[in-house]
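Examination of the molecular architecture
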Amino acid sequence: MALLPLSGTFIGDVTTVGIVVDDQDTAEVVGQKIAHHSVGRRVAASSAPIRVRLGGRVLEQDEIIGQAGAAPYDHVEAFFDE
Amino acid sequence: MPKLSRSDWYDLSRDTNWNLRYVTEEDAFPEQLSGTHRVGKQAWEAWDEPYKVSYREYVHNQVTKDTTTYSLKNAISRSKVFEQLDPGWKSVILAHYGAITMPEYLASIGEARMGRFGRAAAWRNTATFGTLDEVRHGQIQAFFPYGLLPKEPRGDWALKAFHTNNWIILAVRHLFDDMFVANDALSVAIQLTFTLETGFTNLQFLGMAADAIDVGDLEFGALISSIQTDEARHAQQGEPTIKVLIDNGHKEYGQFLIDHMFWRSWRAFALLTGLSMDYYTPLEARKMSFKEFIQDWVVKQFAEQFRDYGLDFPWYWDEFINELDWYHHAIHTIIWNYRPSVWWNPDAGVSPAEREWLEEKYPGWNRVFGKHWDVLTQNVRDGKLAETYPETLPVACNICQLPVVRAAGLLVGANTDPAPPRYEHEGRVYQFCSEPCKWIFTQRPDRFAGHKSITDRLWTGDIQPPNIGGLLAYMGLSEPEQGTDADNYAWAYGTTANGKR
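Fair warning: this is a prediction, and the values are worked out from it, not measured in the lab.

Moving on, we get to the overall build of chain B. The secondary structure content of chain B amounts to 22 helices and two strands. For 501 residues, the compact-globule formula gives about 23 Å, and the C-alpha radius of gyration of chain B, at 23 Å, lands near that figure. Overall size of chain B, expressed as C-alpha extent along the three principal axes, is 75 × 60 × 40 Å. Per-residue burial over chain B gives 51% buried out of 501 residues. By sequence separation, contacts in chain B at least 24 residues apart represent 77% of the contacts at least 6 residues apart.

Attention now moves to the overall build of chain A. In terms of helices and strands, chain A carries one helix and five strands. For chain A, the succession of helices and strands along the chain, N to C, is β-β-α-β-β-β. Computed over C-alpha atoms, the radius of gyration of chain A comes to 11 Å, within 12% of the 12 Å expected from 2.2 N^0.38 for 82 residues, which places it in the range of a compact globule. Once the C-alpha set of chain A is aligned to its principal axes, its extents read approximately 30 × 20 × 20 Å. Within chain A, the proportion of its 82 residues that are buried is 45%. Here the contacts in chain A between residues at least 6 apart in sequence split such that 62% fall between residues at least 24 apart.

Residues and elements named next belong to chain B. Tracing the chain through its elements places Lys-41 in the loop between helix H3 (31–34) and helix H4 (55–77). Spatially, the C-alpha atoms of Lys-41 and Glu-25 are 8.6 Å apart, while their sequence positions differ by 16 residues. Once residues lying within four places of it in the same chain are set aside, the contact partners of Lys-41 are Glu-25 and Arg-119.

The next subject is the interface of chain A and chain B. Facing 19 residues of chain A, the contacting portion of chain B comprises 27 residues. Counting residues per element, the ones that place at least two in the side of chain A that touches chain B are strand E1 (3–10), strand E2 (16–22) and strand E5 (75–80) of chain A. No other element matches the four residues that E2(A) contributes to the side of chain A that touches chain B.

On to the sheet that holds strand E3 (residues 50–54) of chain A, then. All names here are of chain A. The five strands are arranged E2-E1-E5-E3-E4 in an open sheet whose pairing can be described as mixed. Whereas interior strands pair on both sides, the edge strands pair on one side only; in this sheet they are E2 and strand E4 (57–58). Examined bridge by bridge, E3 and E4 share two bridges and lie antiparallel to one another. The residue of E4 that forms the bridge with Leu-54 is Arg-57. On the sheet, helix H1 (residues 27–35) packs against E1, E2, E3 and E5 and is oriented at approximately 100° with respect to E3.

What follows covers helix H10 (residues 218–234) of chain B. Residues and elements named next belong to chain B. For H10, with 17 residues, the first-to-last C-alpha span of 25 Å sits near the 24 Å given by 1.5 Å per residue. Most of H10 is tucked away: twelve of the 17 residues are buried. Taken as a whole, H10 has its buried residues at Glu-219, Phe-220, Ala-222, Leu-223, Ile-224, Ser-226, Ile-227, Gln-228, Asp-230, Glu-231, Arg-233 and His-234. Close packing links the buried residues of H10 with H4, helix H5 (87–117), helix H6 (121–146) and helix H9 (185–214).

This next bit is on the nonpolar core. The biggest cluster of nonpolar side chains holds 152 residues, and the ones touching the most others in it are B:Ile331, B:Cys397 and B:Val405. Here this core gets 15 residues from one element, more than from any other, and that element is helix H12 (residues 251–280) of chain B. Residues within four places of B:Val405 in sequence aside, it is in contact with A:Val14, A:Thr15, B:Tyr327, B:Ala330, B:Ile331, B:Ile334 and B:Cys433.

Attention now moves to the environment of A:Glu60. Structurally, A:Glu60 can be placed in the loop between E4 and E5. C-alpha of A:Glu60 to C-alpha of A:Thr26: the two residues are 34 residues apart in sequence and 8.6 Å apart in space.

Every regular strand shows the same layout, with side chains that alternate between the two sheet faces. Residues and elements named next belong to chain A. Within E1, six of the eight residues are buried, leaving the element largely enclosed by the surrounding structure. Across seven bridges, the pairing between E1 and E2 is antiparallel. Counted as the bridge partner of Leu-4 is Val-21 from E2. Where E1 folds back on E2, the antiparallel hairpin that results is connected by five residues, among which Gly-12 adopts a positive phi of roughly 115°.

With that out of the way, let us pick up the packing of H9(B) against helix H11 (residues 238–247) of chain B. All names here are of chain B. Packing of H9 against H11 brings their axes to within 8 Å, and their N-to-C directions diverge by 125°. As judged from the angle between their axes, H9 and H11 are oblique. By crossing handedness, the relation of H9 to H11 is classed as left-handed. Along its contact with H9, which presents Leu-186, Ala-189, Ile-190, Thr-193, Phe-194 and Thr-198, the element H11 presents Gly-238, Glu-239, Thr-241 and Ile-242. Residues belonging to the contact of H9 with H11 are distributed by class as follows: five nonpolar, four polar and one charged.

Attention now goes to the packing of H5(B) against H12(B). All names here are of chain B. In the contact formed by H5 and H12, the axes pass within 10 Å of each other and the chain directions differ by 170°. Comparing the axis directions of H5 and H12 gives the class roughly antiparallel. Residues Gly-88, Trp-89, Ser-91, Val-92, Ala-95 and Ala-99 of H5 lie in contact with H12, whose contacting residues are Leu-272, Ser-276 and Tyr-280. Its residues assigned to classes, the contact of H5 with H12 comprises six nonpolar, three polar and no charged.

Each value, and the rule that gives it
- Numbering of residues starts from 1 in every chain and runs along the sequence as written.
- The lettering of chains begins at A and the numbering of ligands begins at 1, in the order of writing.
- It should be noted that, the model being predicted, local features are given only for residues of pLDDT at least 70 and side-chain atom pairs only at 80 or more, the latter also being counted only at that level, while totals for whole chains, interfaces and linings use all residues.
- Segments assigned H or I by DSSP are reported as helices when at least four residues long, segments assigned E as strands when at least two residues long, and all are numbered from the N terminus.
- Our radius of gyration looks at C-alpha atoms and nothing else; its globule reference is 2.2 Å times the residue count to the power 0.38.
- The burial criterion counts other C-beta atoms lying within 10 Å of a residue's C-beta, which is placed from the backbone; the residue is buried at 20 or more, exposed at 12 or fewer, and partly exposed between these limits.
- Here the contact rule is simple: place C-beta atoms from the backbone, and any two residues whose C-beta atoms are within 7 Å are in contact.
- Here, strands pair whenever DSSP counts at least two bridges between them.
- A fitted line through C-alpha atoms represents every axis, and for helices the fit uses only the stretch in contact; the resulting angles, taken between N-to-C directions, go from 0 to 180 degrees.
- Expected span of a helix, by definition, is 1.5 Å for each gap between consecutive residues, and there is one gap fewer than residues.
- To define a nonpolar core, we join buried Ala, Val, Leu, Ile, Met, Phe, Trp, Tyr and Cys residues through C-beta atoms within 7 Å and take the resulting set.
- The scheme is simple: roughly parallel for angles under 35 degrees, roughly antiparallel for over 145, roughly perpendicular for 65 to 115, oblique for anything else.
- Crossing handedness is read from the near helix: turned anticlockwise from the far helix by less than a right angle, it gives a left-handed crossing, and turned clockwise, a right-handed one.
- Gly counts as polar in this scheme, as do all residues outside two lists: the nonpolar Ala, Val, Leu, Ile, Met, Phe, Trp, Tyr, Cys and Pro, and the charged Asp, Glu, Lys and Arg.

As structure tokens, this is what we get:
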């Protein structure tokens, strides 16, 4: 377990934020951590599931972010899967 | 004794030069400080400023300007004018004083560098007046907000701001260190006086003075007018410098310096002037949108004046024009969200009437940016103010130091990837808001490497505790200094601070 600093964008928002996740977090958790700074704040809430994209690939919800190839300061997108 | 007319003695007196015998030209004008050695010594003698002034005339003019401006200030300071100003306009002047006062003073270093290391005697003469101008601008813009202290204690950010690690100041300081504090004489002439002053601020100061008068701020209007007339004179150093460079076969280098600084100037302008014109200035006093201002003044100026010299539009011109529609709107949303982290009170500027104006000036604004303000408005109405404040930092660009807002570009189709462009240099990854900022870094990485953006400082443990409280303390903001909504959220209920719907 190690802290992993990432830049995260929630699609629909205006900016990219700096977040720190655990490299053992699942994609689902990483998506929630990014959404925390956007959804209900500047992006309207939705009942759609939140998915995560890393390096152009949409991750499985239970995929471990550290094992998915994320390195420090990498960019991760989160989005509503509508 | 009969007085000679100026034209009889000016050139002789101005062009006094030394024949160096004890030192070499390189010793007297080291390239690192002068930057002029691409062109030979003789060629620099063609340098000629379009507008001439003698020292006697200079002093007379400055005394007259100071007398008028200080008298006006003394008269107005006894009135209730400041108290009656629109809250958004108060934010315009607070932001201006904090971000600009110290750079004006520091610009005297850039002018003095040209005054010592410029290769033409005429250039050094003009730059000496420029040095005096910038000292005056630093002093007068420190003194005027000092007079505001009993009414607005944050007037002291005119002096304090540059001694803090406030994120806006990190951006402004990085820009002006690059532009004139840590720059050679030739580059100062091209980048400060030609690109920024001729291209942007001389025009902006004209508009800003007029806006100040329109909103009833006679004091600030007089101050800015007084400064603008100096700027118009010393900004002319750029033209003869670029002309000498081009006439001697170095257009490409001049173009590089302009391309570098035009983009950086645009970024700073979008932040300071974009927000002021489109969100902070009261609706009834707005004569044009920020986009119209840039199109009518900056673009036209660049097209006519810069191209007269055979210069090209910067390679990123299309991207710059495209950004006029969206970049500063995204920055505004972020600055308002992070309002405790600035020393002025950001004006949301999104009452129903203001949104209508924004939609008219920027068709599609409601679709792209209005939906964010819909969420913010609902949170205010529901009493969920905590949801309108941030809990982490945006990623800041390693050149302009401003938040990366490529995500907003995605919403308007300006780009297809919100990820910040990256560049690895000596084992460290740098992140940028745009390709032009990345290009500026990669052209001369050693000039910029090592500097930490505000996000870098959070990530590497410089900011403790690593949360918003720690961040505000790191930025030098005590609670009374932190920005709040300028209109006390009246916009969320369909009105503005002065009650207009």
